[in-house]
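Per-entry structural report
Now for the letters of each chain:
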Amino acid sequence: MTIYEHEVKALISAAGVPVPRGVVVRGTDFGAARDLAEPLVLKAFGAGLVHKSENQAVALGLRFSELEAVAAGMRARLEPAGFLVEEQAGPGVELIVGLVRDPAFGPVLLTGLGGVWTEALRDTALRLCPISEQDARRMLASLRGAALLDGWRGGPPVDVDAVVKLLMTVGGPGGLWERLELGEFELNPVIAGPSGVIAVDARHLPGETPPAAVTRTTDFLPLFEPRAVAVAGASTSRPNFGNMFLGFYRAAGVPLVAVHPSADEVAGVRAVPSLERAQLDQAVDHAVDYALVAVPAERCAEVLRQARGVPFVQVMSGGFGEAGRPELEAELVAAARAAGTRLLGPNCMGVYCPRGRQTFVGGGLGPPGSVALISQSGGLAGEVIKVGEGRGLAFSRVVTVGNSADVTPAELLRWLARDPETQAVGLYLEDPRDGRELYAALRAADLPVVLLVGGRSGQGQEAAASHTGGLVSDRRIWEAVAEQAGAALVSSQDDLIGVLAYFQAHGSRVTSGDQVLVVGPSGGASVLAADAFDLAGVRLGALPGDRLAALRGLGVVATGNPLEVPVGPMGRPGLVAEVVDALGVPYRDVVAHVNVQAFFTYGDAAEPLYAYTRALAGAQAARPATRITLVTRNGECAPPGAEDEVRRIAAAAGIPVYRSMEAAAVAVAAGGRYGAA
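Heads up: these notes are all about the structure in this document. (Residues numbered from 1 in each chain as written. Predicted model: local features only at pLDDT ≥ 70, side-chain atom pairs only at ≥ 80, totals over all residues. Heavy atoms only, no water.)

Let us look at the layout of surface pockets. Remark: the empty space left among the atoms is shown by a probe the size of a water molecule rolled over them. Approximately 1200 Å³ is the volume found for the largest pocket. Along the wall of the largest pocket there are 42 residues; nearest its centre are Glu479, Ala482, Glu483, Gln484 and Arg673. Going through the elements one at a time, strand S7 (124–128), helix H4 (133–141), helix H14 (435–444), helix H16 (474–485), strand S23 (488–490), helix H17 (493–506) and helix H24 (661–676) are the ones with two or more residues in the lining of the largest pocket. The leading source of residues in the lining of the largest pocket is H16, at eight residues. When its residues are assigned to classes, the lining of the largest pocket shows 23 nonpolar, eight polar and eleven charged. (1 Å grid on protein atoms, 1.4 Å probe; cavity = no way out; pocket = protein on both sides within 12 Å on 5 of 7 lines; lining within 4 Å. Points joined across faces, edges and corners; volume = space filled by probe spheres on them. Helix = DSSP H or I, 4+ residues; strand = E, 2+ residues; numbered from the N terminus. Nonpolar A, V, L, I, M, F, W, Y, C, P; charged D, E, K, R; others polar.)

Taking 1.5 Å of rise per residue, the 13 residues of helix H12 (residues 378–390) would be expected to cover 18 Å, and the 18 Å separating its terminal C-alpha atoms lies within 8% of that figure. What H12 keeps buried is the set Gly378, Leu380, Ala381, Gly382, Val384, Ile385, Gly388 and Glu389. Contacts made by the buried residues of H12 are with strand S18 (351–352), strand S19 (368–375), strand S20 (395–400), strand S21 (424–429), strand S22 (449–453) and H17. Between the side-chain oxygen of the N-cap and the backbone nitrogen of leucine 380 there are 3.1 Å, and the N-cap of H12 in question is serine 377. (Expected span 1.5 Å × (residues − 1). Buried < 20%, exposed > 50% of the residue type's maximum accessible area, 1.4 Å probe, protein only. Contact = heavy atoms within 4.5 Å. Polar contact = N/O pair within 3.5 Å; in protein donor to acceptor, adjacent residues only side chain to side chain.)

So, about the nonpolar core. Counting residues in each nonpolar core, the largest one holds 106 residues, and the members touching the most others are Leu223, Leu344, Ile374, Val399, Leu451, Trp478 and Phe533. Counting residues per element, this core draws most heavily on H24, at eight residues. Excluding residues that lie within four positions of it along the chain, leucine 451 makes contacts with Leu427, Leu429, Leu442, Trp478, Ala482, Ala487, Ala488, Leu489 and Val490. Counting residues in each nonpolar core, the second largest holds 37 residues, with Val567, Val585, Val596 and Ala642 among its members. (Core = buried A, V, L, I, M, F, W, Y, C linked by side-chain atoms within 4.5 Å.)

Moving on to the pattern of salt bridges. The final tally for this structure, using the stated rule, is 33 salt bridges. A salt bridge links glutamate 479 to arginine 475; its shortest N-O distance comes to 2.9 Å. Here the residue glutamate 479 and the residue arginine 475 both occupy positions in helix H16, the gap between them amounting to four residues, near one helical turn. Its relative accessible area of 38% is what places arginine 475 among the partly exposed residues. (Salt bridge = Lys/Arg side-chain N within 4 Å of Asp/Glu carboxyl O.)

A word on the packing of aromatic side chains. According to the stated counting rule, one finds nine aromatic pairs in the structure shown. When the centroid spacing of 4.9 Å and the interplanar angle of 45° are considered together, the rings of tyrosine 4 and phenylalanine 45 count as tilted. With a gap of 41 residues between them, tyrosine 4 in the segment before helix H1 (5–14) and phenylalanine 45 in strand S2 (residues 40–45) connect regions that are remote in the sequence. Assessed through its relative accessible area of 19%, tyrosine 4 is described here as buried. With centroids separated by 5.7 Å and ring planes inclined at 80°, the aromatic side chains of tyrosine 502 and phenylalanine 503 adopt a geometry described as edge-to-face. Each member of the pair, tyrosine 502 as well as phenylalanine 503, is classed as buried. Joined through ring pairs, the aromatic side chains of Phe220, Phe224, Phe312 and Trp415 make up one cluster. (Phe/Tyr/Trp six-rings, centres within 6.5 Å; stacked < 30°, edge-to-face > 60°.)

Moving on, we get to the sheet that holds strand S24 (residues 516–520). Strand order in the open sheet formed by five strands is S25-S24-S26-S27-S28, and the pairing between neighbours is parallel. At either end of the open sheet lies a strand with only one pairing partner, and these are strand S25 (563–564) and strand S28 (657–658). Inspection of the sheet shows strand S26 (residues 589–595) paired to strand S27 (residues 627–633) by seven bridges, in the parallel sense. Among the inter-strand pairings, alanine 592 is bridged to a residue of S27, identified as leucine 630. (Pairing = 2+ DSSP bridges.)

Pasting the structure below:
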């Protein structure tokens, strides 16, 4: 369906968006335009004339007497359905305001520099609808060209309140995004000046409105802490993944039964012919809450049809939608629903929960903790578990979801946000499946959430007809989701672990300030630290000028933040705490860094390093409103076991430890964003 510009302008004008005065001419008589103030703009409209400039379907700066001749030339080239004649808007800052329906996250609002600058500079910001007034102002402030709105080189400032009102009319609660059959919608350019805004061009390409997502409520405790587990797919002759999981579960000590069509026993575990028999025959002392299926993809639906009475079934097998066989995946979901069970996966590794003796990794269970993880990759989840536990993370719940054909990241996050055992959640996602529900769950989660997203470089709208559609990429959508939901968006597995470690240590700590202090030895390291924190978006405030004399009394010559202090094997262990007290600033974060190499190059024992760490531990205990973080630069120079002892002392005091300034900066930045949200 084609919607012409004048029809779109009538719609937005009724919503309160200012548009130029104009008339529509369908023949050759332009008399109706006589009362319009010159100069005039002539635009041809018709099927296929989406981009008027490229089709030479627009002419500016015309007098009334020129309209008929210019229109005749357009008519000969374009065969238009008619013409729109408008008063030409005065000069101002050209902006773009657009809407597009993202395939995963639904309606998205975009704004930025418009007109000829839209594609040349790509200086835009986006948010998911509905936006708040604060969102609108942050969008405008984030533009590289934001200074143009304040008046540039003597130019008049723009009426920013009018721009904000326009953004709210389009993307705010009750805005146009709710009333349009949204494919793509664009006002470009909008001329913004001292006296307001005016939309001089408008485009709307209708699209289909997808059905609303259905929110399901499930108690996932049996998924993480099952009374008994069944494994289908283990072999009596050729060990496979099913046998591997039987071994994991036997080692964990969970009540266990194997499912095998003919054997009475598999790898020392009692076997029954079906999941249904596992329940009916009471094959174990407790009811089976969780079943793992590791049979060929073609047989999985048959196994699920027999799972009546089992709350959760995980399909480890691949070969479904991810392999180009969506019909097989649909059959799997239908089988699960017919049996009344919830399906985890397919194409996933399962669940890890030390409290519930749930595991999909070898090497035994780690200590139960407060950090949860939802991952679409089983391999990555296994790495985060093992590497994270090596760095001091302790997990409450880890769940891999694979294709998320039934159980989704959104509903798992909603449950984990209410789980008393969980204080922070990490997510690794590639395709959120239910993006709008995930966004709602992120906004509702009253605990820190860390996002790592794979495949963010692809275009969400590859063949977009509007500038808006072409500028909305997957990467920028996820940035908007994190910004609006107050989640931390990281770019590597290492940073995912590092930020979770920060929240494990500091997540519940209430801070009293908003400034960050970086303190430690070595001028060069301090300069590089400033760069790392600036890159992470962390502001290091200036030192209070009236406290510098007090610092000199401690033997510290203050030059700025980062602050250089003599920390080392010959220094006072408690100097950092003394410096913080002398400054008298309610810092929300203090990042203390040491050069571990110096302790062992200029000293021959680890005790001074341990004493320094114990002093930091005491400082943290005495300052509950400040979050202290330790960076052990050059930690590889320590003898075996020394770093582990430092981490042990710090962990007992709730202090996270990092080996690099870059990793600490990312974590501290995440903590600041969560606090602000």
